[in-house]
Amino acid sequence: MGWARKAMVTAGAVALAVGGGIATGGTAWAGTNGQQIVYHKSGDNHTRSVRVSGTNQSGARVARCFDTPGSGNWFAGWWWKGDVTFDRFGGSGCTGSHVDGFGLTVPVSQSEDWYHVWD
């Protein structure tokens, strides 16, 4: 399955999850206690994966590796807030050479559910 098809399947799953949250009314929204991240990488970026480390919506320090096959990578199901670091790798699964890293501050709350990060 190509990355574009995987992205469409993932987007559909996210849409269903969000729609289900609206219907039930009991789901916590990312925009009120941390954010899910969309990582946008430029066309000349050869990063294959990133390790995101920081504080989650429960206040615990966590780290998670995400593969970054496309220019827009939606890290659904993980909420971040406060100081967050990105370590970029040349291989998938956070393997291969460590390309570089950077830090940013993710707001605890904002008007939308996704925090956009560009390299």
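Rules of the game
- Residues numbered from 1 in each chain as written.
- Predicted model: local features only at pLDDT ≥ 70, side-chain atom pairs only at ≥ 80, totals over all residues.
- Heavy atoms only, no water.
- Helix = DSSP H or I, 4+ residues; strand = E, 2+ residues; numbered from the N terminus.
- Buried < 20%, exposed > 50% of the residue type's maximum accessible area, 1.4 Å probe, protein only.
- Polar contact = N/O pair within 3.5 Å; in protein donor to acceptor, adjacent residues only side chain to side chain.
- Disulfide = S-S within 2.5 Å.
- Core = buried A, V, L, I, M, F, W, Y, C linked by side-chain atoms within 4.5 Å.
- Salt bridge = Lys/Arg side-chain N within 4 Å of Asp/Glu carboxyl O.
- Pairing = 2+ DSSP bridges.

**Looking at the side chain of Q36**
Within the secondary structure, Q36 is located in strand β1 (residues 35-40). Residue classification places Q36 among the buried positions, given a relative accessible area of 10%. A polar contact of 2.7 Å, which involves the side chain of Q36, links it to the backbone nitrogen of G77.

**A look at the state of the cysteines**
Per the stated rule, a full pass over the model turns up one disulfide. Here C65 connects covalently by a disulfide to C94, the sulfurs 2.2 Å from one another. Here the S-S torsion is close to 105°, and the disulfide linking C65 with C94 is therefore right-handed. Pair noted here: C65 is in strand β3 (residues 61-67) and C94 is in the loop between β4 (72-91) and β5 (95-106), with a separation of 29 residues, a long-range link. Residue class for C65 comes out partly exposed when judged on its relative accessible area of 22%. Here C94 falls in the buried class, since its relative accessible area comes to 11%.

**Some remarks on the nonpolar core**
Core analysis: the biggest nonpolar cluster contains 12 residues, these being I37, Y39, V50, V52, F66, F75, W80, V84, F86, L104, V106 and V117. Counting residues per element, the ones that place at least two in this core are β1, β2 (49-55), β4 and β5. No other element matches β4, which puts four residues into this core.

**Re the pattern of salt bridges**
Under the criterion given, the structure shown has two salt bridges. The closest approach of N and O atoms between D100 and R88, which form a salt bridge, is 2.6 Å. Highlighted residues: D100 in strand β5 and R88 in strand β4, separated in sequence by 12 residues. For D100, a relative accessible area of 28% translates into the label partly exposed. The closest approach of N and O atoms between R88 and D119, which form a salt bridge, is 3.3 Å. Of this pair, R88 sits in strand β4 while D119 sits in the segment after β6 (114-118), and the two are 31 residues apart along the sequence. The partly exposed category is assigned to D119, whose relative accessible area is 37%. Salt bridges sharing common partners tie together R88, D100 and D119.

**Considering the pairing of β4**
Bridging between β1 and β4 involves five bridges; their strand directions are antiparallel. Opposite V38, over in β4, you have W74 as the bridge partner. Pairing geometry for β2 and β4, over six bridges, is antiparallel. If you follow V52 over to β4, its bridge partner there is F86.

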